[in-house]
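Observations on the three-dimensional arrangement
Read off the chains here:
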Amino acid sequence: MKAQVNEIEQNLRHFTGTEMFYQIPLLKTRFTDGLKYLAEVAECFWLITDTSVIAKSLMNRSEFITIDFKRLPEEKQDYTGYEAEIIYSDGNDNVLETHRYNATDFPLDELRMFFVNDTLMLPSEY
């Protein structure tokens, strides 16, 4: 799994801008080539859907939203009972919302995404 994680992280660095936009049908959220790649190789369409729903609900508070997925260190997992959290902020370190996950199969320890103009993207695609 570690080799796959390194490969995913390396491949994500190659996405700059996007050739195509993809759409989550019911939400009408667009997402980029980099996130389509990630969703397919990491089997994490749930992450794109969850973060889209929450980011959309925060649009009235900020036009630009930073989304940070972080796996908690093991001692913090034992203490809190959560494996990971996703923090939504306005890009100026003002946290808008935090969502905690008891368990996750997402392979990366951390990931940052941006949500702007109804589009979810990697920072390198902004």
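Just above, that's the structure.
Residues numbered from 1 in each chain as written. Predicted model: local features only at pLDDT ≥ 70, side-chain atom pairs only at ≥ 80, totals over all residues. Heavy atoms only, no water.

1. Concerning the nonpolar core
- Formed by 32 residues in total, the largest nonpolar core has its most connected members in L12, L38, I67, F106 and L111.
- Among the elements of the structure, α1 (2–12), α2 (33–41), α3 (45–57), β3 (64–71), β4 (84–89), β5 (95–101) and β6 (110–116) are those that each provide at least two residues to this core.
- With residues near it in sequence (within four places) discarded, I67 still touches T51, A55, I86, I87, Y88, L111, R112, M113, F115 and L120. (Core = buried A, V, L, I, M, F, W, Y, C linked by side-chain atoms within 4.5 Å. Buried < 20%, exposed > 50% of the residue type's maximum accessible area, 1.4 Å probe, protein only. Helix = DSSP H or I, 4+ residues; strand = E, 2+ residues; numbered from the N terminus. Contact = heavy atoms within 4.5 Å.)

2. Considering the pairing of β4
- For β4, a buried count of 6 out of 6 residues is recorded, marking the element as mostly surrounded by other parts of the structure.
- Taken together, the 6 bridges between β3 and β4 define a ladder with antiparallel strand orientation. Residue pairing across strands places D68 opposite I87, the latter belonging to β4.
- Pairing geometry for β4 and β5, over 6 bridges, is antiparallel. Within β5, the residue paired with A84 across the bridge is Y101.
- With antiparallel pairing between neighbouring strands as the criterion, β4 and β5 make up a hairpin whose turn holds 5 residues, including G91 at a positive phi of roughly 85 degrees. (Pairing = 2+ DSSP bridges.)

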